[in-house]
Amino acid sequence: MAGTRGRGGSRPKVTVVGAGMVGGTVAQMLALRDYADIVLVDIVEGMPQGKALDLLQVGPIVGYDTQLTGTNGYDETVDSDVVVITSGIARKPGMSRDDLLRTNMGIVRSVTQQVVEKSPEAIIIVVSNPLDAMCHAAFDVAGFPRERVIGMAGVLDAARFRTFIAMELDVSVEDVTGFVLGGHGDTMVPLSRYSTVSGIPITELLPPDRIKALEERTANGGAEIVGLLKTGSAYYAPGTSVVEMVDAILLDKRRVLPASVLLQGEYGISDTFVGVPIKVGAEGMEKIFEITLTSDEAAALAKSAASVQDLVAAMARLAAES
Ligand SMILES: NC(=O)c1ccc[n+]([C@@H]2O[C@H](COP(=O)([O-])OP(=O)(O)OC[C@H]3O[C@@H](n4cnc5c(N)ncnc54)[C@H](O)[C@@H]3O)[C@@H](O)[C@H]2O)c1
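Residues numbered from 1 in each chain as written. Predicted model: local features only at pLDDT ≥ 70, side-chain atom pairs only at ≥ 80, totals over all residues. Heavy atoms only, no water.

Engineer: I would appreciate a short explanation of the packing of helix H4 (residues 97-118) against helix H10 (residues 295-321) in the present structure.
Structural biologist: A pair of packed helices can be characterised by two numbers: the angle between their axes and the separation between those axes. The interhelical angle for the contact between H4 and H10, taken along N-to-C directions, is 75°, at an axis separation of 10 Å. In terms of orientation, H4 lies roughly perpendicular with respect to H10. Taking contact as the criterion, the partners of Asp98, Leu101, Arg102 and Met105 in H4 are, on H10, Leu311, Ala314, Met315, Arg317, Leu318, Ala319 and Glu321. Of the residues contributing to the contact of H4 with H10, the split by class is seven nonpolar, no polar and four charged. (Axes fitted to C-alpha atoms, helices over the stretch in contact; angles between N-to-C directions. Helix = DSSP H or I, 4+ residues; strand = E, 2+ residues; numbered from the N terminus. Parallel < 35°, antiparallel > 145°, perpendicular 65-115°, else oblique. Contact = heavy atoms within 4.5 Å. Nonpolar A, V, L, I, M, F, W, Y, C, P; charged D, E, K, R; others polar.)

Spelled out as C-alpha cells, the structure:
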C-alpha cells in the first residue's frame, strides 16, 4: 500500500505484546484494516498462536489477507514497524499499588528490551497501566528518541468524552470532538471549551453542571466499565484507540491526537510523560501542540504531571530495593 512504512516484506509489520483482551482486540481491529501483518506475543503457551489462527480464519469470511502469527518468543517480531505493548497484570485483591507497579514495571521493561533488540527502528505504543509510568519504563529501556515511544490513553479518554457528549445532546458522535489533556485516569484534564459539536464549543450548548458531570463520567470511564464487567477492564474501545494510532503512523496520516509523550519543557513540564495533543505520522510523534491554558487548566495539568512523577519516583525506589 502506498504511503506505508513497511520494511522487508511488502506489508508493514505490527507486533502486539500481550495477547490478552486489549492485545487481541488490537489484532482483530487491525486485521480488518488489511494493510499490515501482525505478530501476537504472549507468555501463555498456545494462546497467542490460537488467537492468531482464529483471526486468520476470519480472513476468508470478511475478505482480508492480513497474515497473523502467534508466538511465545521474539524471533518472529524482527523488523517490526510498530510495537504495541499491552502486557501486564491487573491488580488482584490484596495487592498493593506498589506490588502492581513493581510487577508491571518488570514486565514492561523486560518486554521492551526484547522488542528493541529485534526491532531497533520500531515505534513503540505503550498501553499497559499505569500508563504514563509504563511509558517511562519503556522509554528508559528502549533508548529510543522520545518521538518513538508514545502512550495511548488520550484517544480513549477523548472517545469516552465524545460518547457522553453525543448521548447528552442526542447528536451523532461523528460531529463531536473531545479534547483531553493530562495523565490517564482520575487526573485526566478534559478541556470542554475545546470540545465541540460541529465546531460549536459544548460550553455554548450545555450548562456548566451538565458539562462537569460528563467530565467526571469521562475521568471515571475505566472504573465504570470495571464495575460492570467485574472480572476485567475495557478492551474494545482501548484496542480500537490503539489502531487509530497505528493507522496514523503506518499510513503517515499526521493525525492530531492526544497521547502521552515525554515533555521536555513544553507546558512548563520536564522529563515527564503526560498526555498532550501531538501530530502522529510516519516518524511517530512529529510535533507537540502547545496551547494556552487557563490558570485552572494549567494547575490541573501540573497536578497530573506531579502524580506521574510520584510513580516514577516509586519505580526508582522499587528498582533500588530489588
Ligand atoms: N492505556 C489505556 O487506556 C488502557 C486501556 C485499557 C487497558 N489498559 C491496560 O492494558 C493492559 C492489558 O489489559 P488487558 O485487559 O488486555 O489485560 P489481559 O490480562 O487480558 O492481557 C494482558 C496479557 O499480558 C500477558 N503478559 C503478562 N506478562 C507478559 C510478558 N512478560 N510478556 C508477554 N505477555 C505478558 C498476559 O499473559 C496477558 O495475556 C493492562 O495493564 C490494562 O490496565 C490500558
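There's plenty left to go through after this.
Engineer: In this structure, what is going on with a nonpolar patch on the surface? I would like to understand it.
Structural biologist: A surface patch of nonpolar side chains, amounting to about 310 Å² of accessible area, comprises Leu32, Ile61 and Val62. Relative to the helices and strands, Leu32 is located in helix H1 (residues 21-33). (Patch = residues over 30% accessible without salt bridge, like charges linked within 9 Å, V, L, I, M, F, W, Y side chains within 5 Å. Areas by Shrake-Rupley, 256 points an atom, 1.4 Å probe, with all protein chains shown as cover. Salt bridge = Lys/Arg side-chain N within 4 Å of Asp/Glu carboxyl O.)

Engineer: What's the story with the site of the ligand in this structure? I'm lost.
Structural biologist: What surrounds the ligand is a group of 24 residues, the closest being Val22, Asp42, Val127, Asn129 and Met152. In the model, a nitrogen atom of the ligand is placed 3.1 Å from a nitrogen or oxygen of the Val127 main chain. One of the backbone nitrogen or oxygen atoms of Met152 is found 2.8 Å away from a nitrogen atom of the ligand. About the coverage of the ligand: the protein hides 84% of its 870 Å² of free accessible area. Elements that contribute at least two residues to the shell around the ligand include exactly H1 and H4. Of the residues in the shell around the ligand, the class split is 15 nonpolar, eight polar and one charged. (Near = heavy atom within 4 Å. Polar contact = N/O pair within 3.5 Å; in protein donor to acceptor, adjacent residues only side chain to side chain.)

Engineer: Just checking my understanding: could you explain the sheet that holds strand S7 (residues 176-177) for this structure?
Structural biologist: Working definition: the strands of a sheet are paired by backbone hydrogen bonds and lie parallel or antiparallel to each other. Strand order in the open sheet formed by three strands is S7-S10-S11, and the pairing between neighbours is antiparallel. A single partner strand is all that each edge strand has here, and the edge strands are S7 and strand S11 (200-201). Direction of pairing for S7 relative to strand S10 (residues 196-197): antiparallel, over a ladder of two bridges. Each residue of the ladder has a partner; that of Thr177, found in S10, is Thr196. (Pairing = 2+ DSSP bridges.)

Engineer: Looking at this structure, I do not really get the environment of Ile89. What am I missing?
Structural biologist: Checked against the element boundaries, Ile89 lands in the loop between strand S4 (82-85) and H4. Residues Ile89 and Gly18 lie 71 residues apart in sequence; the distance between their C-alpha atoms is 9.9 Å. Ignoring any residue separated from it by four or fewer positions in sequence, one finds Ile89 in contact with Met95, Leu100, Thr103, Asn104 and Ile107.

Engineer: Would you mind showing me how to read empty space enclosed by the protein here?
Structural biologist: Any space left empty among the atoms is revealed by the rolling of a water-sized probe across them. Tallying each qualifying case throughout the model produces one cavity of 30 Å³ or more. Estimates place the volume of the largest cavity at around 70 Å³. Lining of the largest cavity is provided by 16 residues; of these, Ala153, Gly154, Asp157, Gly182 and Gly275 occupy positions nearest its centre. Top contributing element to the lining of the largest cavity by residue count: strand S12 (residues 255-264), with three residues. Partitioned by chemical class, the residues of the lining of the largest cavity number eight nonpolar, six polar and two charged. (1 Å grid on protein atoms, 1.4 Å probe; cavity = no way out; pocket = protein on both sides within 12 Å on 5 of 7 lines; lining within 4 Å. Points joined across faces, edges and corners; volume = space filled by probe spheres on them.)

Engineer: Hey, could you run me through the packing of helix H5 (residues 131-142) against H10 in this one?
Structural biologist: Interhelical geometry of H5 versus H10 gives an angle of 50° and a closest axis separation of 9 Å. Considering their axes alone, H5 and H10 lie oblique with respect to each other. Along this stretch, H5 crosses H10, giving a crossing that reads as right-handed. Contacts between H5 and H10 involve Asp132, Ala133, Met134, His136 and Ala137 from the first element and Val308, Leu311, Val312 and Met315 from the second. (Left-handed = near helix turned anticlockwise from the far one by under 90°.)

Engineer: Hey, could you run me through H1 in this one?
Structural biologist: In an α-helix, one full turn covers 3.6 residues, which means residues spaced three or four apart are oriented alike. The terminal C-alpha atoms of H1 lie 19 Å apart, and with 13 residues this matches the ideal 18 Å at 1.5 Å per residue to within 8%. Of all the residues in H1, the buried ones are Val22, Gly23, Gly24, Thr25, Val26, Ala27, Leu30 and Ala31. The positive-phi residue at the C-terminal boundary of H1 is Asp34, with phi of around 60°. (Expected span 1.5 Å × (residues − 1). Buried < 20%, exposed > 50% of the residue type's maximum accessible area, 1.4 Å probe, protein only.)

Engineer: Would you mind showing me how to read unusual backbone geometry here?
Structural biologist: In terms of backbone geometry, most residues other than glycine have negative phi values and most peptide bonds are trans. Following Asn129, the chain continues to Pro130 via a peptide bond in cis, the omega torsion being -5°. Residue position: Pro130 is located in the loop between strand S5 (123-126) and H5. Even without glycine at this site, Asp271 takes up a positive phi of about 55°. Here Asp271 lies in strand S13 (residues 270-281). Overall, the relative accessible area of 54% leaves Asp271 in the exposed class.

Engineer: How do you make sense of the pairing of S13 when you look at a structure like this?
Structural biologist: Within a regular beta strand, the side chains point alternately toward one face of the sheet and then the other, so they alternate between its two faces. In terms of burial, S13 is largely enclosed, as nine of its twelve residues are buried. Direction of pairing for S12 relative to S13: antiparallel, over a ladder of ten bridges. Along S13, the bridge assignment pairs Pro258 with Pro277. Taking the residues between adjacent antiparallel strands as the criterion, S12 and S13 are bridged by five residues, where Gly265 takes a positive phi near 105°. Where S13 lies against strand S14 (residues 284-288), four bridges are found, and the strand directions are antiparallel. By the bridge assignment, Ile278 is partnered in S14 with Ile288.

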